[in-house]
Amino acid sequence: MSDSLERLYLAVLAARDLDPATSRTARLFQRGPSKMAKKLAEEAIEVVIDAVNGDSEAVIRESADLLYNLTVLWASAGVRPEDVWREMTRREDLLGIAEKLPKSPMKLPKVASPRMASRRPIVALEGRAGRKRH
Ligand SMILES: N=c1c2ncn([C@@H]3O[C@H](COP(=O)(O)OP(=O)(O)OP(=O)(O)O)[C@@H](O)[C@H]3O)c2ncn1[C@@H]1O[C@H](COP(=O)(O)O)[C@@H](O)[C@H]1O
């Protein structure tokens, strides 16, 4: 999936300076982030309506439109697909650790995975619930 999204992102970057008369992408860039955001939100709503209606084929089509509009918004915001993949990997790593956490909130695992070894340790926050801010 990430391959095709990366290809789409590159296609969007290549299209943004084309003639807005012929390129939908160039037209979206001409109109700016608020128009892009509106199109993205519209596609998201179409996906959820189709899902609620049980129309899987329409969900697939509208999801492709949704992802296209998402990549346009990423490009406009200066966000690259790899930035999103990195955040997803970070969450995956955290979830992997959370699953290994013992039931007691104060006990932390002795050994983190090699990939996590260089990262910041997890801090048990439960004991700080009553602490006031200054
Ligand atoms: N992947 C897509 C892509 N996916 C969806 N869409 C368009 O986005 C539309 C969905 O938005 P809408 O439902 O709003 O379309 P609409 O009903 O015609 O409404 P309007 O946008 O005209 O108001 C679809 O009908 C497609 O035409 C896409 N448009 C372009 N791309 C790719 O983007 C790249 C640049 O293409 P251009 O923008 O044509 O230069 C190329 O690689 C294209 O393949």
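Residues numbered from 1 in each chain as written. Predicted model: local features only at pLDDT ≥ 70, side-chain atom pairs only at ≥ 80, totals over all residues. Heavy atoms only, no water.

1. Focus: the site of the ligand
So, step 1. Leu8, Ala11, Ala15, Ser23, Arg24, Thr25, Lys39, Glu43, Asp65 and Tyr68 make up every residue found near the ligand.
So, step 2. One nitrogen or oxygen atom from the side chain of Arg24 is found 2.4 Å from an oxygen atom belonging to the ligand.
So, step 3. At the level of secondary structure, the elements contributing two or more residues to the shell around the ligand comprise helix H1 (2-15), helix H2 (24-31), helix H3 (33-52) and helix H4 (56-77).
So, step 4. It is H1 that contributes the most residues to the shell around the ligand, three residues altogether.
So, step 5. Residue classes in the shell around the ligand are distributed as four nonpolar, two polar and four charged. (Near = heavy atom within 4 Å. Polar contact = N/O pair within 3.5 Å; in protein donor to acceptor, adjacent residues only side chain to side chain. Helix = DSSP H or I, 4+ residues; strand = E, 2+ residues; numbered from the N terminus. Nonpolar A, V, L, I, M, F, W, Y, C, P; charged D, E, K, R; others polar.)

2. A short note on the confidence of the model for the protein
So, step 1. Looking at the protein, pLDDT values average 84 and 76% of them are 70 or higher.
So, step 2. With pLDDT under 50 throughout, residues 123-134 is counted as low confidence; its partners more than four residues away or in other chains account for three contacts.
So, step 3. Reported confidence for the predicted complex is 0.88 by ipTM and 0.77 by pTM. (pLDDT = per-residue confidence, 0-100. Contact = heavy atoms within 4.5 Å.)

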